[in-house]
Amino acid sequence: PVDDRGLEAALADYIATLEAPETPQIGLHAEVAGSLPTAVEQGAYLVVLEALNNVVGHAHAKHCEVSVTLASGELLLSVVDDGVGLGQPYVSGIGITSMRSRVQALGGTFDLSAAPGGGTLLQARIPVEP
């Protein structure tokens with residue numbers, strides 16, 4: 001869970017627990033100055049965790065980049081990998097459904113698509129200011 005150290009530190013800690021020879025290299029890019037509302041921080045953390053679990057469990061990726069940026073009153077989340085991509089036809093599993101509903105409950109938008117050059121791109125925007 002996210003503690004007083006904030007979203008970036010919590011994500012960095014989680015990513016460190018995933019590092020193993022068989023898992024993709026995961027990069028974290030965070031630009032989150034100041035503190036976020038607790039609900040936004042927790043929601044973002046859980047969405048990224050679920051996304052990373054999907055990448056590690058299903059994508060067969062070599063690399064994964066996580067980006068968390070606060071800009072214009074929105075928290076932008078992006079998780080992109082170079083793995084096998086979404087199956088066709090694409091079926092939303094329980095993890096994807098829970099990520100989408102978590103983001104929507106915070107008033108945000110959630111998009112999952114094929115990444116340029118293969119793999120999967122998850123993008124979420126969560127409003128931070130009312």
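As the structure is a prediction and not an experimental result, all values here were calculated from the model.

## What about unusual backbone geometry?
Of note in this structure, histidine 60 is not a glycine but carries a positive phi near 55°. Turning to its location among the elements, histidine 60 is positioned in the loop between α2 (38-59) and β2 (63-71). Its relative accessible area of 65% is what places histidine 60 among the exposed residues. The backbone of serine 72 shows a phi angle near 50°, a positive value even though the residue is not glycine. For serine 72, the location among the structural elements is in the loop between β2 and β3 (74-81).

## Notes on the nonpolar core
Formed by 37 residues in total, the largest nonpolar core has its most connected members in Leu7, Leu52, Val66, Val68, Leu75 and Leu77. Broken down by element, the residue count for this core peaks at ten residues, all from α2. Discounting chain neighbours no more than four positions away, the residues touching leucine 7 are Val2, Leu36, Glu41, Ala44, Tyr45, Val68 and Leu75.

## Side note on the sheet that holds strand β5 (residues 120-127)
Strand order in the open sheet formed by five strands is β1-β2-β3-β5-β4, with mixed pairing between adjacent strands. The strands lining the two open edges of the sheet, one partner per strand, are β1 (25-31) and β4 (109-114). Strand after strand, the sheet turns through a mean of 10° between neighbouring axes, direction not considered. Where β1 lies against β2, seven bridges are found, and the strand directions are parallel. Each residue of the ladder has a partner; that of leucine 28, found in β2, is valine 66. Seen against the sheet, α2 touches β1, β2, β3 and β5 and runs at an angle of roughly 5° to β3. Against the sheet, helix α3 (residues 94-105) engages β4 and β5, with an angle of about 145° to β4.

How each quantity is defined
Residues numbered from 1 in each chain as written. Predicted model: local features only at pLDDT ≥ 70, side-chain atom pairs only at ≥ 80, totals over all residues. Heavy atoms only, no water. Helix = DSSP H or I, 4+ residues; strand = E, 2+ residues; numbered from the N terminus. Buried < 20%, exposed > 50% of the residue type's maximum accessible area, 1.4 Å probe, protein only. Core = buried A, V, L, I, M, F, W, Y, C linked by side-chain atoms within 4.5 Å. Contact = heavy atoms within 4.5 Å. Pairing = 2+ DSSP bridges. Axes fitted to C-alpha atoms, helices over the stretch in contact; angles between N-to-C directions.

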